[in-house]
Amino acid sequence: MLFNSIDFTIFLPIVFLIYWLLNSHLRAQNLFVAISSYVFYGWWDYRFLFLIFFSTVVDFFIAKNIQKSRDPKVRKLLLICSLFTNLGLLGVFKYYNFFVENFNQAFTFLGYHVNGSSLNIVLPVGISFYTFQTLSYTIDVYRSKLQPTHNFVSFAAFVSFFPQLVAGPIERATNLLPQFYKSRKFEYTNAVDGLRQILWGLFKKMVIADNCALYADMIFNNSESYSGSTLALGAVFFAFQIYGDFSGYSDIAIGTSRLFGFNLMQNFAFPYFSRDVAEFWRRWHISLSTWFRDYLYIPLGGSRSHKVRNVFVIFLVSGFWHGANWTFIIWGAINALYFIPLLLAKRNRVNTSIVAENKRLPSPKELFNIITTFSLVTIAWVFFRAESVSHALIFIRDMFSLDLLSLPVYSIRKLIYPIVVLLAFFVVVEWFGRKDKYAIENLLKNKFTPIRWAFYTLIIFLIGMYMQTEETPFIYFQF
Amino acid sequence: MMSIQIINLIKRILIFSVFLIIGYTLLLFLFGSVLKPKHLPNLVYKVGHNYLRLQEVRQTSNVDLLFLGSSHAYRGFDTRIFSASNYKAFNLGSSSQTPIQTLILIDRYLKKLNPKLVVFEVNPMVFASDGVESGLDLIVNDNNDLHSLKMVFNQKNIKLHNTYLYTLVNGIFNDTVYVKNKAYKKGGYVAKLKPAYFNGEEQDKTLITFNENQIKSFETILRRLNKNCINYILVQAPVTSLKYNSYSNIKAFNSLMASYGDYYNYNEVLNLNDTIDFYDSHHLNQTGVNIFNKAFINFLDNNFQDLKE
């Protein structure tokens, strides 16, 4: 079920009302969350529900046995079982064809004929997200950071919690699971805040991302026939598309959770206002970056030993996590190359505060740094969006041709006025809300209610006027 | 029990909803009045030739022939040619008209037009369509009533909602601007003014997926005609052979239509030339219209002798 669908508009209030009617029965309420989450997921394809259930059962029992066992070898073996199961599922459904095809190509290159056949596999939506979430649980139990739960219903609800099931934030068991143990209290202000965040998430997705997608697709799909400046425009549109799409999803997920009395972690913190790439990576997809930090970077030695290698590994794995394609791996590698000089110069933690804090506008230096960082990130996004590595390379080569300094082609220029105005509005609102968890959290908060409501009405109007008439899925569903 | 806070939230949402409806409508009117149509993708407010047709239909009654259907109808049946053969005809076709909109039109105008024979032009694409384009055409160009409101709610498309709301508000403040349209001819036909010819472009293979709502509306229309004792025939107007052969399940469509009554598929009857007789893959040019209409009048003369004035 898509957040931006009529189905979800009906689903959410029904689940909300029944959920709070069950408020005095915690077990029933958790069971209801689990069932609703399975309905939510099954709406897309019920056949893959067994995968979530299988992952849930395996990790529930493995974690319990890890705690029971005193023998370090047995504990380690159990952990390996969990890793093998979850990463095995991911490997089969997401990476099997990639490995087979590359294996074939490598042997063909060496002069051997190998006939490993690829399979027609459907990638289960959200598999990368929920497997990482449940893995964090088993690893934390293994590290004795978390007591395993003996309540299967709570655990099933934690793994399948519908607001963040298919595209995150990837929650840590230490944060989300305990919230299922205690009864939730409905808080009016929290719920209203959640609704506000849902509204802003919908605006990001339905107005910014979906409209940018029209032009990004138009330019990327015919990149050979456009000038350098038009290609640059296409890359910028894609940068806003992916930000609006993914952070919009996170806002809706976090806002929806708040309606049910849950607090999820912040996943995006205005990454395009970052002054260097290190800051960007502290602000982009925070739940995944911190997951890799805690469960891969630190076990590899962190910044104590082989830090350059460790950073490189993290970025490559992160790229590969996004998709079984060399384009994602190269995207990760480029970001590593951006990041490592900052790390070596010990400048990776220079910009930890909010940009232009307590000021209305950035200084010229800050603005320059923001634009430079955005440009670097946008160039890397070309690999993320392109169909193949060669497509990305040709796109970048053509983008940096002499006509980069000319105006984009008229056929595109004449169409984009509305989206340029909407993007300007979006950037201004995000800028003024950059110190909050989401842009409109405190915007107009102390103003007269009709003024605030007029602003929300304007956002809803813009959604109604500029949304696509066909339902458009979120980009990160494919990961 | 639901807590007081939840009830307060629901109350607050309801109050905001009232505020939202008023504010949204005002913004719609403001944006619609200030910005150009191309900058408002989900609002349509430009009147077209259907406006002239629907103005004319209100002045028309007791016709021999009533044509219903999409642009294949209003660009395929030239009412001037029928008039010259002593058939009083009215063409109530409109852009991409699907059975959902045809049903609304016959509810509004059938009694007044009181046709002796309804010629219902059927083509595969309208049965696969969601009907939004035609719905917009109807909302913008005709007076809106409960039928249109029902259509708007059933189709769940934001463009229809916005356009309907805008038309209602705009109707209070402004008169519809009369659009002079030389292509529109008396009786509802729209002519291609300059000679034009189809370029022979290959057509992609299309599998027709029937929309259930369209089939239901289509059956309702036929029931309504039967109930009013009005004869009807189903006609598929000619399209280019490239287009016709691009429908991979055209046989299934033809069988379905034949199961509803007398069905005449002129793609199987006439031998037209794709380049000479059409101006695009779907539409006849005036040369093609003349041939098609002559053949059709011949058919009427032979099979429906009591139709003429």
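Owing to the predicted nature of the structure, the values given are computational and were not obtained by experimental measurement.

**Student:** Looking at this model, I keep getting lost on the overall build of chain A. Mind explaining?
**Tutor:** Within chain A, the secondary structure is distributed over 18 helices and zero strands. The dimensions of chain A, computed from C-alpha atoms along their principal axes, are 75 × 65 × 45 Å. Within chain A, the proportion of its 479 residues that are buried is 43%. At a minimum sequence separation of 6, the contacts of chain A that also span at least 24 residues come to 72%.

**Student:** I'm lost on the overall build of chain B in this one. Help?
**Tutor:** If you tally the helices and strands in chain B, you get 14 helices and five strands. Based on the C-alpha atoms only, the size of chain B along its principal axes is roughly 75 × 45 × 40 Å. For chain B, the residues scored as buried account for 40% of the 309 residues in total. Considering only contacts within chain B whose residues lie at least 6 apart along the sequence, 81% involve residues at least 24 apart.

**Student:** Would you mind going over the UniProt feature "transmembrane region" (unreviewed entry) in chain A with me for this structure?
**Tutor:** All names here are of chain A. UniProt records the feature "transmembrane region" (unreviewed entry) at residues 7–26, 46–65, 77–98, 118–139, 326–345, 366–384, 415–433 and 453–469, using the numbering of this structure. Counting secondary structure, residues 46–65 comes out at 85% helix and 0% strand; the distance between its end C-alpha atoms is 30 Å. Across residues 415–433, helical content stands at 84% and strand content at 0%; the span's end C-alpha atoms are separated by 29 Å.

**Student:** Looking at this structure, how should I read the domain arrangement of chain B?
**Tutor:** Interfaces are often described in size by the accessible area the parts lose on coming together. Here chain B is partitioned into domain 1 (4–34) and domain 2 (49–136 + 178–307). Centre-to-centre, using C-alpha coordinates, domain 1 of chain B lies 43 Å away from domain 2 of chain B.

**Student:** It is not clear to me how the sheet that holds strand β3 (residues 117–121) of chain B should be interpreted in this structure. Could you clarify?
**Tutor:** Sheet strands pair via backbone hydrogen bonds, and the direction of the pair is either parallel or antiparallel. All names here are of chain B. With respect to topology, five strands assemble into an open sheet ordered β2-β1-β3-β4-β5, the strand pairing being parallel. Where the open sheet ends on each side, the last strands, each with one partner, are β2 (89–91) and β5 (263–265). Averaged over all pairs of adjacent strands, the angle between strand axes in this sheet comes to 20°, irrespective of strand direction. With three bridges joining them, strand β4 (residues 231–236) and β5 adopt parallel strand pairing. If you follow Val 235 over to β5, its bridge partner there is Tyr 264.

**Student:** Help me out: how do you make sense of the interface of chain B and chain A in this one?
**Tutor:** Each side of the interface is counted separately: chain B has 23 residues, and chain A has 19 residues. At the level of elements, α1 (4–34) and α9 (158–173) of chain B are the ones that each hand at least two residues to the side of chain B that touches chain A. The greatest single-element share of the side of chain B that touches chain A, amounting to 11 residues, is contributed by α1 of chain B. Class assignment of the residues belonging to the side of chain B that touches chain A gives a composition of 13 nonpolar, eight polar and two charged.

**Student:** How do you make sense of the nonpolar core when you look at a structure like this?
**Tutor:** Proteins that are soluble and globular tend to have nonpolar side chains buried together. Ranked by internal contacts, the top residues of the largest apolar core, which has 183 residues, are Phe 158, Cys 212, Trp 381 and Phe 383 of chain A together with Leu 65, Leu 66 and Phe 67 of chain B. Looking at which element gives the most residues to this core, the answer is helix α9 (residues 228–259) of chain A, with 16 residues. Ignoring anything within four residues of it in the chain, the contact list for Phe 158 of chain A reads Ala 173, Leu 176, Leu 177 and Phe 180 of chain A.

**Student:** Hey, could you run me through the confidence of the model for chain A in this one?
**Tutor:** Where the model shows low pLDDT, its predicted coordinates should not be examined in detail. Summing up the model confidence of chain A, the mean pLDDT is 92 and the portion of residues at 70 or higher is 97%. The least confident element of chain A is helix α16 (residues 410–413) of chain A, whose mean pLDDT is 86; the most confident is helix α14 (residues 364–385) of chain A, at 97.

**Student:** Help me understand the domain arrangement of chain A in this model?
**Tutor:** Residues and elements named next belong to chain A. Taken domain by domain, chain A consists of domain 1 (6–184) and domain 2 (189–275 + 351–478). Inter-centroid distance (C-alpha atoms) of domain 1 to domain 2 is 29 Å. Contacts between the two partners involve 15 residues from domain 1, matched on the other side by 16 residues from domain 2. Those elements that provide at least two residues to the side of domain 1 that touches domain 2 are α1 (6–21) and α7 (173–181). Looking at side-chain class alone, the side of domain 1 that touches domain 2 contains nine nonpolar, four polar and two charged residues.

**Student:** When you look at the pairing of β3 of chain B in this model, what are you seeing that I'm missing?
**Tutor:** Every other side chain in a regular strand lies on the same face of the sheet, so the side chains alternate between the two faces. Residue and element names in this part refer to chain B. Judged by how many residues are buried, β3 sits mostly within the fold: five of five residues are covered. Burial along β3 is two-sided: Leu 117, Val 119 and Glu 121 facing one way and Val 118 and Phe 120 facing the other are all buried. With four bridges joining them, strand β1 (residues 65–68) and β3 adopt parallel strand pairing. By the bridge assignment for β3, Leu 68 is matched with Phe 120.

**Student:** Just to check I follow, could you spell out the packing of α1 of chain B against α9 of chain B for this structure?
**Tutor:** When two helices pack together, their arrangement is given by the angle between their axes and by how far apart the axes lie. Residues and elements named next belong to chain B. For the pair α1 and α9, interaxial distance at closest approach is 9 Å and the crossing angle is 80°. Classified by the angle between their axes, α1 and α9 sit roughly perpendicular to one another. Together, Thr 25, Leu 28, Phe 29 and Gly 32 of α1 and Asn 162, Leu 165, Tyr 166, Val 169 and Asn 170 of α9 make up the contact between the two elements. Across the contact of α1 with α9, the residue classes tally to five nonpolar, four polar and no charged.

**Student:** Which parts of the structure should I look at to understand α14 of chain A?
**Tutor:** Given 3.6 residues to a turn, an α-helix orients residues that are three or four positions apart in the same direction. All names here are of chain A. An ideal rise of 1.5 Å per residue puts 32 Å on 22 residues; α14 measures up with 31 Å between its terminal C-alpha atoms. Those residues of α14 not exposed but buried are Thr 373, Val 377, Ala 380, Trp 381, Val 382, Phe 383, Phe 384 and Arg 385. Each element contacted by the buried residues of α14 is listed here: α8 (188–221), α9, α10 (277–283), α13 (326–344) and α15 (389–399).

**Student:** How should the environment of Arg 80 of chain B be read in this particular structure?
**Tutor:** Residue and element names in this part refer to chain B. Among the secondary structure elements, Arg 80 is positioned in helix α4 (residues 79–84). Separated by 10 residues in the primary sequence, Arg 80 and Ser 70 have C-alpha atoms spaced 19 Å apart. What Arg 80 contacts, discounting residues up to four positions off in sequence, is Lys 185, Gly 187 and Tyr 189.

**Student:** I keep staring at unusual backbone geometry and nothing clicks. Help me out?
**Tutor:** For residues that are not glycine, phi is negative in most cases, and the peptide bond is trans in most cases. The residue Asn 358 of chain A is not glycine, and still its phi comes out positive at about 60°. With respect to the helices and strands, Asn 358 of chain A occurs in the loop between α13 and α14. Even without a glycine there, the phi angle at Asn 86 of chain B is positive, about 70°. By the secondary structure assignment, Asn 86 of chain B is in the loop between α4 and β2.

**Student:** Is there a simple way to think about the environment of Asn 228 of chain B in this case?
**Tutor:** Relative to the assigned elements, Asn 228 of chain B resides in the loop between α10 (212–227) and β4. Through-space distance from the C-alpha of Asn 228 of chain B to that of Leu 110 of chain B is 9.3 Å; in sequence the pair is 118 residues apart.

**Student:** How do you make sense of the packing of α8 of chain A against helix α18 (residues 449–466) of chain A when you look at a structure like this?
**Tutor:** Residues and elements named next belong to chain A. Put simply, α8 and α18 touch, their axes get as near as 10 Å, and they point 35° apart. α18 is crossed by α8, and the crossing has left-handed handedness. Note on element contacts: α18 touches α8 through Tyr 456, Ile 459, Leu 462, Ile 463 and Tyr 466, opposite Leu 199, Leu 202, Phe 203, Met 206, Val 207 and Asn 211. Counted by class, the contact of α8 with α18 contains 10 nonpolar, one polar and no charged residues.

**Student:** Would you mind going over the pairing of β4 of chain B with me for this structure?
**Tutor:** Of the pairings in the sheet, the one linking β3 of chain B to β4 of chain B comprises five bridges and is parallel in character. Residue pairing for β4 of chain B: Val 118 of chain B is matched across the bridge by Tyr 232 of chain B.

**Student:** Is there a simple way to think about α18 of chain A in this case?
**Tutor:** In a regular helix each residue adds 1.5 Å, so 18 residues correspond to 26 Å; α18 of chain A covers 26 Å between its end C-alpha atoms and thus fits that length. Within α18 of chain A the residues assigned to the buried category are Thr 457, Phe 461, Leu 462, Gly 464, Met 465 and Tyr 466 of chain A. Each buried residue of α18 of chain A lies within a common arc of 160° when the element is viewed along its axis, so the set occupies one face. Buried residues along α18 of chain A sit in contact with α8 and α17 (417–432) of chain A together with α1 and α9 of chain B.

Conventions and cut-offs
Residues numbered from 1 in each chain as written. Chains lettered and ligands numbered in written order. Predicted model: local features only at pLDDT ≥ 70, side-chain atom pairs only at ≥ 80, totals over all residues. Helix = DSSP H or I, 4+ residues; strand = E, 2+ residues; numbered from the N terminus. Buried ≥ 20, exposed ≤ 12 C-beta atoms within 10 Å, placed from the backbone. Contact = placed C-beta atoms within 7 Å. UniProt positions renumbered as here; feature names shortened; annotations may be inferred. Domains from an automatic or database assignment. Pairing = 2+ DSSP bridges. Axes fitted to C-alpha atoms, helices over the stretch in contact; angles between N-to-C directions. Nonpolar A, V, L, I, M, F, W, Y, C, P; charged D, E, K, R; others polar. Core = buried A, V, L, I, M, F, W, Y, C linked by C-beta atoms within 7 Å. pLDDT = per-residue confidence, 0-100. Parallel < 35°, antiparallel > 145°, perpendicular 65-115°, else oblique. Expected span 1.5 Å × (residues − 1). Left-handed = near helix turned anticlockwise from the far one by under 90°. Arc of directions from axis to C-beta.

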